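# A structural walkthrough
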Amino acid sequence: LADRLGFGPGRPGRTGLMLAAGLGTTIPAFGILPANVPNMALIGAAESIYNAHFTYGGYLALNFPVMGLLTVLALPIIVCRVFPDTATATRETADHAVWTGEERRLLAILAVGLALWATDFLHHISPAWVAMGAAILCVMPKVGALKPASISKDVDYGPWLFVAGIIGLGAVVTHSGMGAAIADRLFSVLPLSPGDDPLNFAVMYAFGAITSVLTTLPAAPGILTPLAQGISDASGWPLYSVLMAQVPVWFLFPFAYQAPPIVLTLVMGQVSPRAALKVMLPFLIFGLLVILPLQYVWGRLLGVYP
């Protein structure tokens, strides 16, 4: 796309397009339950430790209307201001090929999966199980979109093992007593107090943000979720509210290395981390001043945050 718009290597427009693609497909998706690894790690850890369950609609209603939509609106403006450029028309046109059978089957599987996610309040099937079922259909020979040889040659099993390890880490931290020990030390210095709810929300975000800088976003739920019960006791917040207070941390973070999809964007798009920082820091400032307060107000209106 950059080539067809006349944005050659080194052009600001090319850098902006790469960052728009990477940030735009990663950050707003944190507001959709099965869309990113931290989302699924939170679900798995919460179900494993607390037997807590989430619905697609409830998660979407809390996290997408404010954080997701404002991110979608703010990122293009920031990218265009930081990397202004003017496209030049080209005569090259794209080839419009007929959809293959695999592509049609993939579209059908995704459509059914989305319908099941959106109606989980009726059938009560976990979004994680729906995602797993869709994934199994995708890899079934003559049913899904992959050829049988792709399972052994092309599929990357690393993310599977990573999510399983993160969920297991959370369970170990809880059942070994490590979570309680960390909580005792931590809560003696964190200014959490029942009744001071806006401050509690800000403290939870700050604690999660520091954790994500040290561990990256995919690993943060495995550390924060086992501590949720202790945070709940110290703040007077319901456990579900504390678990959901993790999500704003995933939207507002300063460094590209914290989110593996953004790191992949930089590598594939040949974009420097400094260029990414020029977009991510203004967005972080906007998020802290505008998105985070509005998200707290929205959560209170929904009755999720105290």
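A brief look at the structure comes next.

Calculation criteria
Residues numbered from 1 in each chain as written. Predicted model: local features only at pLDDT ≥ 70, side-chain atom pairs only at ≥ 80, totals over all residues. Heavy atoms only, no water. Core = buried A, V, L, I, M, F, W, Y, C linked by side-chain atoms within 4.5 Å. Buried < 20%, exposed > 50% of the residue type's maximum accessible area, 1.4 Å probe, protein only. Helix = DSSP H or I, 4+ residues; strand = E, 2+ residues; numbered from the N terminus. 1 Å grid on protein atoms, 1.4 Å probe; cavity = no way out; pocket = protein on both sides within 12 Å on 5 of 7 lines; lining within 4 Å. Points joined across faces, edges and corners; volume = space filled by probe spheres on them. Nonpolar A, V, L, I, M, F, W, Y, C, P; charged D, E, K, R; others polar. Arc of directions from axis to C-beta. Contact = heavy atoms within 4.5 Å. Salt bridge = Lys/Arg side-chain N within 4 Å of Asp/Glu carboxyl O.

L19, L23, L243, W250, F253, V279 and F283 are the most contacted members of the largest nonpolar core, which totals 64 residues. At nine residues, the largest contribution of residues to this core is made by helix α16 (residues 273-302).

Let us now look at empty space enclosed by the protein. Under the definition given, this model contains one cavity of 30 Å³ or more. Along its surface, the largest cavity is lined by M204, F207, G208, L224, A228, I231, V242, L243, A245 and Q246. Looking at the lining of the largest cavity, the elements that each hand over two or more residues are α10 (197-215), α12 (228-235) and α13 (239-244). For the lining of the largest cavity, the residue count by class is eight nonpolar, two polar and no charged.

Bringing helix α15 (residues 260-269) into the picture now. Within α15, the full set of buried residues consists of I262, T265, L266 and G269. Projected down its long axis, α15 carries its buried residues within an arc of 95°, all on one side. Structural note: α15 exposes V267 and M268 on the side pointing more than 90 degrees away from its buried face. Buried residues along α15 sit in contact with α1 (12-26) and α16. Downstream of α15 by one or two residues, Q270 has phi in the positive range, about 55°.

So, on to the pattern of salt bridges. Taken as a whole and judged by the stated rule, the model has two salt bridges. In this structure, D3 and R14 form a salt bridge, with 2.7 Å as the shortest nitrogen-oxygen distance. In this pair, D3 sits in the segment before α1 while R14 sits in helix α1, placing the two residues 11 residues apart along the sequence. Judged by relative accessible area, R14 falls into the buried class, the value being 18%. Across the pair R11 and D85 runs a salt bridge whose closest N-O atoms are separated by 2.8 Å. With R11 in the segment before α1 and D85 in the loop between α3 (56-82) and α4 (101-118), this residue pair connects regions lying 74 residues apart in the sequence.

What follows deals with the environment of F83. Inspection of the secondary structure puts F83 in the loop between α3 and α4. The buried category is assigned to F83, whose relative accessible area is 14%. With 71 residues separating them in the primary sequence, F83 and P12 have C-alpha atoms 4.9 Å apart. With near-sequence residues (within four places) excluded, F83 lies in contact with P12, G13, T15, G16, L19, A275, K278 and V279.

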